Structure formats: structure tokens, C-alpha cells
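Letter by letter, the chains look like this.
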Amino acid sequence: MPSQASVLGIRVDAKAIVGVAVFAAVGVLLATYPAEVLGAAAALLSLTGILRVARGRLEFWQILVLVTLAAYGILNYGFDNLAVGLGGIQIPVGELLMLLALGMVILGGRSRSLSQFLRDPPVLCLLLLLLLALIHLAVDLPRHGLYALRDSSIFCEAVFLPLGLLWANRKRDTPLLLKWLLFVFFTNLIYSFTFPWAEQLQSWSPGFGVFHPVPLFGNYQHNALYLLWGALFCILLGHHVVRWPRWALLALAVAQLCGLAILQVRSMYAGIAAVLLLLLFLWEAREMAQFASILALSLGTLCVLVLLVSLLGLRLRGRSGPVDFSFLEKHARTVLSLNDARTRMAQDTDRASWYEQVWRRTRSSKVTLIVGEGFGEPLIDFKNEEGIPVRQPHNSSLSVLARLGLVGLLVWLVFLVSVTRRFVHAIRRRVEADVHRLVLWLFFFFVLAMIQTSVQPALEFSHGAIPFYFLVGFALGVMRWQVDGSATGSSPLSRVPASSR
């Protein structure tokens, strides 16, 4: 059939007509349902990225994990509350996808290869914490219902750590995960720069929720973590994973570091300092010089951008205040002077009150001090701007103390120390340069995540806990199979020959 027709003597391309009609329809839909169309476009873009990355090399459970990690990393709290109704109960989509992936792994017999890991100290600690949580749930779930289950997610979602372990079991899957994370970092960068229009996004966005509706778009709780971690990816691993020119990776790293000035998360300012100190402590001179030089370039670029915005008479809104020299200086200074009442911010005073409330509750009896008060009751007396009660202090380790007592806190600290020791041991071993940088980069995620948990309820929500446990599991697997077993295996990033470190 010919693709062109004659209309009043004018030759018309049928494909052009269809194209114009499609674009017109999309335009009408975008004007009428902006949030729904943008969400569908994001989902389509994610699906396209998955298909390009997978190319028949990934199992279906791995595709489910990639989708979930991307949604948690970018949409965070909004995706937490995206739920479907099953039997009158709202079940979060993210947890449902991860449980489906875990079920496929178990039913497929892949979990048998993990038996050797059950004796590892980090895994043993998480199993013990899960056991303590289940004992509390046996009493608290009938009394408090789904709120008890929600409060226990900080421990229960550790069941997804084996998915990370299994991903690292096959070295060919490591580059696929890293390429996908690069896609997540790039999308997260674009999404983070929409923060000045967060209120408009939330007003346009559909709302979902297990307990109360939350807009799917316009939430930025953990995006700063992925900005900094993504910048480190471009510096440490980018040229091992993709064939991009170095200037493109450099530009992406600078853009992500500049994005921190909009999200204005002070824990990531401290994270930058922690990365520099760790590079010095581990004597990673080359990596430290690279990070310091790109950090300096980012500061210079940010100064130029802020000056340009000021000259144009524009006002760019950040999370805590305007993006200008005076506020950024004042905001950064509070990181080093939290005990100074003159520079303390309102949330610092709130945190001090929350910590005191939790400590008072915990030591109210010997039982709660030793084994905790369990799940179902809010740990603090505080409501946010929408009038919704905040259930936990902005400190995940303090939540562990309140929920599981000194016993649980001790086990949690042993877990953190054992993971840290495993990282330091692996970093100091002589392995291929790309494997070394992979472990170093994963270690930085662990450190940055722990910094964030010290000032936010990061692990009390799925968008913090599920990526954390998966990536810690992946890191443990990398260190077991690709560092300890590196003498008998090829580099997991062998596409690019490893250079001498």
C-alpha cells in the first residue's frame, strides 16, 4: 500500500499525518492529565532502559529489582506509598515487587548457594534482629495491626539482602547493574533540579498511600544521597562501565555536586568531608586528588551559576532557603556548629527534643531498656506541617534502641562494625584496579547511608531500607566472590582492561 496520497493535488505523507496526530493527542493528554502522562512517560523511559540494559541477559527477578531500585531511588517517599488494594488491604507496590523477586529466587532454587553466608557475622546479626522483631510482632501485631508491621520494616526488610548477594554471584551481572545505576543517577539529577517546583508537582500528582494519601511526585527525601554517590560513580567507575568521553563523566559529576546546593541536605555536606577523610585514611592518593579537584571545579561552577542567577534578578528556591551565597554559607556553617545556639536551625532543636523523648521512654522500665517497647506506638510526640504524626526520631540507630532495647542496639552495632571491617579488609587487598574502585565506591555508599541515618529516619522507610539492604548484600557478595576469589576469576568490569593502581 502506498504511504502517500494526493489531497487536492498535494502529496501528503501518511506517516507524517499519523505522527502529527500522535503528538497532538499526547499534547492534549499532557495538558489535561500532566501528572499521569509524565508518570507514564517515566515508566516507558524506565522500561526502555531496562530492555536496552538487559538484552536477554537478565532473569525476570533481576528486572523486577532494577525497576524497584530505580523507583525508590528517584521517587523515594512517593513510591513508598504507591499501593494496590488486595483483599481490602493496601499493599505497597515496591515491597510487592521485591517479595515477588525473592519468591522467584527461592522457588527457583537459587537461594541454596547462599547457605555459606548464613555464618557470616553481618548476616547473622541481621537474622538475629529479624528474630527479635518477629517475637515482638507476635505480641504487637494483634494489638496494633498494620502500624506494628510498618514500624518493624527497618528489620523485616533485611530479607532482601540475599537478592544483592545473588546478584554479585555472577560477575557478568555486575556491569549490568552499574549501567542501570548510571541511568538512575542521570534521571535522579534531572528530577532533583525540579525541586523549586515541588509544590506544583505535588498538586498535579496523583496520591496513594497505605495510611494516608501521599503525592507520587514532588518528594526528595533521599535524592541528595544519590547525587553525591552518583558523582562518586562518575569519578571512580564511570570510565570502566561506559565508553563515554571523560568530559561527559566530569560534567555529570559536577552537575550532581551542584545539585546538592538546591536540595540543601547538610548530612551530604558532612558526607563530602567524610569521603575526603576516608580517602586520606585509606591512602587513596589518586582518588583523593580526583575527588578534590572535581569538588573544587563544582564549587567554582556553583559560584558562577549563583552569580548569574543573582544578576538576572531571579530567585531560586532550595529546600531550606534561597540558593544564594549568604544562605549557602550560613547553611554549611551549621554542620560544624550544631551546639551553637546562634547558628542552630529549627530542626536541630526538634531533634534534640525527639532524642530526649525516646531516651525517656526507653529507660522508663528495665524491660523496655533491655528488649525495647516493640512496634505499633509512635516513639515521639510530634506532627508535621500536614498534621500527620511523626512516628520515629530522625535517627535510625535510636529507633533500634527504642524498638529492640539494648540487646537490639548491641546486635545492630556489631552488624555495622563487621560490615565496616569487611570493607576495609577488601580495600586494602591487592586486586584489579576496577574491582578495587568498585569496592571503594560501595563502601562510600555504606558510609553516606549511615551518615544519613544519624539525622533522618532513613531505614524506617522502604525507600531507604530496601536499597540499603540490597546494596549491602551486593557489596558483601562482591567482596566474597570478586575480591576473596579474585585469584581464580576475571574482573567483573573486564570490558575495559584494568590499569595498574
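Parameters and conventions
Residues numbered from 1 in each chain as written. Predicted model: local features only at pLDDT ≥ 70, side-chain atom pairs only at ≥ 80, totals over all residues. Heavy atoms only, no water. Helix = DSSP H or I, 4+ residues; strand = E, 2+ residues; numbered from the N terminus. Buried < 20%, exposed > 50% of the residue type's maximum accessible area, 1.4 Å probe, protein only. Contact = heavy atoms within 4.5 Å. Areas by Shrake-Rupley, 256 points an atom, 1.4 Å probe, with all protein chains shown as cover. Patch = residues over 30% accessible without salt bridge, like charges linked within 9 Å, V, L, I, M, F, W, Y side chains within 5 Å. Salt bridge = Lys/Arg side-chain N within 4 Å of Asp/Glu carboxyl O. Lys, Arg positive; Asp, Glu negative; His and termini not counted. Charge placed at Lys NZ, Arg CZ, Asp CG, Glu CD. Core = buried A, V, L, I, M, F, W, Y, C linked by side-chain atoms within 4.5 Å. Axes fitted to C-alpha atoms, helices over the stretch in contact; angles between N-to-C directions. Parallel < 35°, antiparallel > 145°, perpendicular 65-115°, else oblique. Left-handed = near helix turned anticlockwise from the far one by under 90°. 1 Å grid on protein atoms, 1.4 Å probe; cavity = no way out; pocket = protein on both sides within 12 Å on 5 of 7 lines; lining within 4 Å. Points joined across faces, edges and corners; volume = space filled by probe spheres on them. Nonpolar A, V, L, I, M, F, W, Y, C, P; charged D, E, K, R; others polar. Expected span 1.5 Å × (residues − 1). Phe/Tyr/Trp six-rings, centres within 6.5 Å; stacked < 30°, edge-to-face > 60°.

Peer 1: Any chance you could break down the overall build of the chain for me, citing the residues and the numbers?
Peer 2: The helix and strand tally for the chain stands at 22 helices and six strands. The burial tally for the chain puts 50% of its 501 residues in the buried class. In the chain, of all internal contacts separated by at least 6 residues, the share reaching a separation of at least 24 is 76%. When the accessible surface of the chain is totalled, it reaches about 23,700 Å², and 67% of it is carbon and sulfur.

Peer 1: Help me get a handle on a positive patch on the surface, residues and values and all.
Peer 2: Taken together, the side chains of Arg-57, Arg-172, Lys-179 and Arg-243 define a basic patch exposed on the protein surface. Of note, Arg-243 is situated in the loop between α13 (238–241) and α14 (246–263). We classify Arg-243 as exposed; its relative accessible area is 69%.

Peer 1: Give me helix α9 (residues 161–169): which residues, what numbers.
Peer 2: For α9, the tally of buried residues reaches seven of nine residues, placing the bulk of the element in the interior. For α9, every residue scored as buried is listed here: Leu-161, Leu-163, Gly-164, Leu-165, Leu-166, Trp-167 and Ala-168. In this fold, the buried residues of α9 make contact with α3 (60–75), α5 (93–107), α6 (121–144), α10 (173–192) and α22 (462–483).

Peer 1: Any details on the nonpolar core? Residues and values, ideally.
Peer 2: Grouped together as the largest cluster of nonpolar side chains are 147 residues, with contacts concentrated most on Leu-163, Trp-412, Trp-441 and Phe-468. Considering each element in turn, this core owes the most residues, 15 residues, to helix α21 (residues 433–453). Residues in contact with Trp-441, not counting those within four places in the same chain, are Leu-178, Leu-181, Phe-185, Trp-229, Leu-232, Phe-233, Leu-236 and Leu-237.

Peer 1: Tell me about the packing of helix α20 (residues 396–427) against α22, and please be specific about residues and values.
Peer 2: The contact between α20 and α22 brings their axes to 11 Å, and the two run at 40 degrees. The orientation of α20 relative to α22 falls into the category oblique. Of the two elements, α20 crosses α22, and the hand of that crossing is left-handed. Between α20 and α22, the residues in contact are Trp-412, Phe-415, Val-419, Arg-422, Phe-423 and Ala-426 and Phe-468, Tyr-469, Val-472, Ala-475, Leu-476, Met-479 and Val-483, respectively.

Peer 1: How would you explain empty space enclosed by the protein if you had to name every residue and give the values?
Peer 2: For the structure shown, the criterion picks out four cavities of 30 Å³ or more. The computed volume of the largest cavity comes to approximately 70 Å³. Lining the largest cavity are His-222, Leu-225, Tyr-226, Phe-445, Ala-449, Gln-452, Thr-453, Ala-458, Leu-459, Gly-464, Pro-467 and Phe-468. Sorting the residues of the lining of the largest cavity by element identifies α12 (223–236), α21 and α22 as the ones contributing at least two each. By residue number, the principal contributor to the lining of the largest cavity is α21, which donates four residues. A breakdown of the residues in the lining of the largest cavity according to their chemical character gives eight nonpolar, four polar and no charged.

Peer 1: A description of the packing of α10 against α14 should follow, citing residues and the corresponding values.
Peer 2: Where α10 contacts α14, the axes come no closer than 10 Å and their chain directions differ by 40 degrees. With respect to their mutual orientation, α10 and α14 come out oblique. Here α10 runs over α14; the crossing is left-handed. Across from Leu-182, Phe-185, Phe-186, Leu-189 and Ser-192 in α10, the residues of α14 making contact are Leu-252, Ala-255, Gln-256, Ile-262 and Leu-263. Taken together, the residues of the contact of α10 with α14 sort by class into eight nonpolar, two polar and no charged.

Peer 1: Lay out α5 in plain terms, naming residues and giving numbers.
Peer 2: Its 15 residues place the ends of α5 21 Å apart at the C-alpha level, agreeing with the 21 Å of an ideal helix rising 1.5 Å per residue. Once α5 ends, the next one or two residues include Gly-109, with phi positive near 80 degrees.

Peer 1: So what about the packing of aromatic side chains? Which residues, and what values?
Peer 2: Under the definition given, this model contains 22 aromatic pairs. With centroids separated by 5.9 Å and ring planes inclined at 80 degrees, the aromatic side chains of Trp-61 and Trp-167 adopt a geometry described as edge-to-face. With Trp-61 in helix α3 and Trp-167 in helix α9, the pair connects residues that are 106 residues apart, well separated along the chain. Judged by its relative accessible area of 0%, Trp-167 falls in the buried class. Here a set of aromatic residues connected by ring pairs shows up, and it is made of Phe-185, Tyr-226, Trp-229, Phe-233, Trp-441 and Phe-445.

Peer 1: An account of the pattern of salt bridges is needed here, citing residue identities and associated values.
Peer 2: Counted under the stated rule, the structure contains eleven salt bridges. Between Arg-422 and Asp-120 there is a salt bridge, with its nearest N and O atoms 3.6 Å apart. Placement of Arg-422 in helix α20 and of Asp-120 in the loop between α5 and α6 is noted, with a sequence separation of 302 residues between them. Residue Arg-422 is classed as partly exposed on the basis of its relative accessible area of 21%. Ionic pairing is found between Arg-403 and Asp-151, a salt bridge with its closest N-O pair at 3.3 Å. Placement of the pair is Arg-403 in helix α20 and Asp-151 in helix α7 (residues 146–151), with a sequence separation of 252 residues. Assigned by exposure class, Arg-403 and Asp-151 land together as buried. By sharing partners, the salt bridges in this structure join Arg-150, Asp-151, Arg-391 and Arg-403 into a single network.

The quantities given are spatial measurements derived from coordinates; they are silent on function.
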